[in-house]
Amino acid sequence: MVAENGQSAEQAQPIKQRKNGLYRGVSDELAANMRGGWADTERSDPAPIEQAPNAARRRAALSARFPGERLVIPAGNLKTRSNDTEYAFRAASEYAYLTGDLTQDGVLVLEPVADGHDAVLYLLPRSDRENGEFWLDGHGELWVGRRAGLAEGEQLYGLPCLDVRKAAEELAGTDGAVRIVRGHDTGLEAALGARLDAERDEELRVFLADERLVKDEFEIRQLQAAVDSTVRGFEDVVRVLDRAEATSERYLEGTFFLRARVEGNDIGYGSICASGPHATTLHWVRNDGPVRNGDLLLLDAGVETHTLYTADVTRTLPISGTFTAFQRRIYDAVLAAQDAGIAAVRPGAKFRDFHDAAQRVLAEHLVAWGLVEGPVERVLELGLQRRWTLHGTGHMLGLDVHDCAVARTEAYVDGALEPGMCLTVEPGLYFQADDLTVPEEYRGVGVRIEDDILVTEDGNRNLSAELPRGVDEIESWMARLRS
Ligand code: GLY
Ligand code: MN
Ligand code: MN
């Protein structure tokens with residue numbers, strides 16, 4: 001479909017660029033006809049979104065950190081896929097965190113005032129029926145669906161709302177210190193031009209990442225909901241393993257995606273549906289390989305909720321339903337490493353502790369199997385286990401799968417764990433198919449186990465504990481689902 005009348009690429013351009021041609025090919029009679037005869041679809045008094053008070057607290061913390069400065073946090077814009085077709089939109093995490101709004105083109109501005117900041121939300125208003133944009137513009141509500149608009153936005157988000165189409169001009173007309181979260185809205189960045197400074201903007205981004213390290217109760221509920229949907233998605237995958245055997249890994253990807261779209265907003269990252277030797281490729285997202293009875297399936301997938309919080313869970317499952325003795329041996333080593341890692345997650349522990357604990361267990365097994373010469377201390381000191389452990393043992397989880405990635409080193413990777421932090425614990429062992437340093441039976445075997453762990457006041461809680469981890473539990477769970 002393309003926009004009515006003219007049906008050209010020109011018609012599909014944003015209205016600003018084609019304003020003068022708006023009525024091309026439209027008779028005066030049709031234009032007049034389309035102006036009227038529509039019911040009022042304004043909603044009166046919509047309830048505020050649940051996280052409105054949480055977002056207000058976050059804005060207050062941001063305001064306190066940057067007194068006297070104008071702060072600009074954009075949601076981002078649509079990205080063209082081809083011609084007038086766009087990629088699915090996902091709001092920038094910083095914007096979602098500070099507003100709870102998830103719609104395209106929005107901009108949160110914190111205007112400095114004597115005692116802090118006034119927050120203003122710039123949004124796309126309802127489509128104008130008088131000038132025809134609602135049906136002649138490819139982004140009009142007739143094409144893309146009703147939007148909240150300004151009056152409703154004020155109710156939903158608890159913020160004064162203005163027309164975003166004036167935001168760039170209004171910001172350009174201000175003076176004084178200003179910072180923007182970069183990388184989401186090139187139009188706004190251009191409007192602020194030389195007033196922006198990369199280092200100062202980075203301070204804003206880093207501050208927000210630091211703030212997001214500790215989750216509030218709303219966020220923890222969302223993460224638990226993301227994990228719960230993910231658990232159901234894993235069950236869906238197990239139920240269709242037979243059909244995947246007849247097709248490919250894509251069947252599993254599609255099956256999990258169905259759960260993500262029905263219960264959530266999307267998947268939180270590209271699902272890794274890695275069967276057989278593909279399990280040794282860390283970011284195997286092509287998912288176009290065969291699913292063979294007798295191999296292991298490494299499934300790393302997460303549902304993203306409607307509020308954009310994501311799970312990140314991995315299970316390595318025997319496609320036949322039963323681990324071979326060799327698969328069980330590798331699996332149990334990774335499980336022991338994960339147990340040691342999870343046990344090291346508690347308030348006051350260093351972020352690095354759970355990684356070190358898991359790596360030690362993996363190194364012990366690699367030495368015991370004769371794959372690397374001991375002693376274990378030497379292996380760890382030289383990092384020799386890393387040929388097969390490959391990656392860090394976990395990361396923060398939240399609005400982004402690799403959450404808070406730009407947080408200060410001293411607050412994150414060199415920091416200590418605090419209640420409310422949520423992280424993955426995900427050790428693995430990967431023996432590449434062409435690794436000539438290991439006996440043949442190891443080659444092409446990859447195992448990762450990944451759970452989402454909340455730091456609590458007195459230890460931790462495994463948000464994904466519903467999914468079995470032990471080999472016996474996995475086998476009986478799979479048998480139950482497939483019976
Ligand atoms: N799914 C990406 C990761 O586990 O970090
Ligand atoms: Mn992960
Ligand atoms: Mn993962």
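All of the points below concern the structure found in this document. (Residues numbered from 1 in each chain as written. Chains lettered and ligands numbered in written order. Predicted model: local features only at pLDDT ≥ 70, side-chain atom pairs only at ≥ 80, totals over all residues. Heavy atoms only, no water.)

**So, the nonpolar core**
Right, so step 1: Counting residues in hydrophobic clusters, the biggest one holds 93 residues, and the most contacted among them are Leu62, Leu429 and Phe431.
Right, so step 2: By residue number, the principal contributor to this core is helix 10 (residues 217-239), which donates 9 residues.
Right, so step 3: Excluding residues that lie within four positions of it along the chain, Phe431 makes contacts with Thr280, Ile330, Leu366, Trp369, Leu371, Trp388, Val438, Tyr442, Arg443, Gly444 and Val445.
Right, so step 4: One finds Ile342, Met396, Ala407 and Val455 within the second-largest nonpolar core, a separate group that totals 19 residues. (Core = buried A, V, L, I, M, F, W, Y, C linked by side-chain atoms within 4.5 Å. Buried < 20%, exposed > 50% of the residue type's maximum accessible area, 1.4 Å probe, protein only. Helix = DSSP H or I, 4+ residues; strand = E, 2+ residues; numbered from the N terminus. Contact = heavy atoms within 4.5 Å.)

**Overview of the coordination of the manganese ion (ligand 2)**
Right, so step 1: Distances from the manganese ion (ligand 2) to its protein donors, namely Asp312 (OD), His395 (NE2), Glu426 (OE) and Glu450 (OE), fall within the range 2.0 to 2.2 Å.
Right, so step 2: For the manganese ion (ligand 2), the 6 donor atoms in the first shell make angles of 52 to 157° at the metal, so the coordination geometry reads as irregular.
Right, so step 3: Read N to C, the donor residues that coordinate the manganese ion (ligand 2) are spaced as D-x82-H-x30-E-x23-E.
Right, so step 4: In this structure the manganese ion (ligand 3) is found 3.3 Å away from the manganese ion (ligand 2), and Asp312 serves as a bridging donor for the pair. Taken together, the positions of Glu426 in the loop between strand 13 (422-425) and strand 14 (428-431) and Glu450 in the loop between strand 15 (445-448) and strand 16 (451-456) put the pair 24 residues apart, joining distant regions of the chain. (Donors = N, O, S within 2.8 Å, 3.2 Å for Na, K, Ca; no water. Tetrahedral: all angles 85-135°; square planar, octahedral: opposite > 155°, others 65-115°.)

**Some points on the pairing of strand 5 (residues 116-123)**
Sheet faces and side chains relate simply in a regular strand, where the side chains alternate between the two faces.
Right, so step 1: Most of strand 5 is tucked away: 7 of the 8 residues are buried.
Right, so step 2: Sheet topology places strand 4 (residues 107-113) next to strand 5; 7 bridges connect them, and they run antiparallel. Looking across to strand 5, one finds that Glu111 is bridged to Asp118.
Right, so step 3: Across 3 bridges, the pairing between strand 5 and strand 6 (residues 161-163) is parallel. Across the sheet, the residue bridging to Tyr122 is Leu162, located in strand 6. (Pairing = 2+ DSSP bridges.)

None of the figures reported here should be taken as evidence of function without further support.
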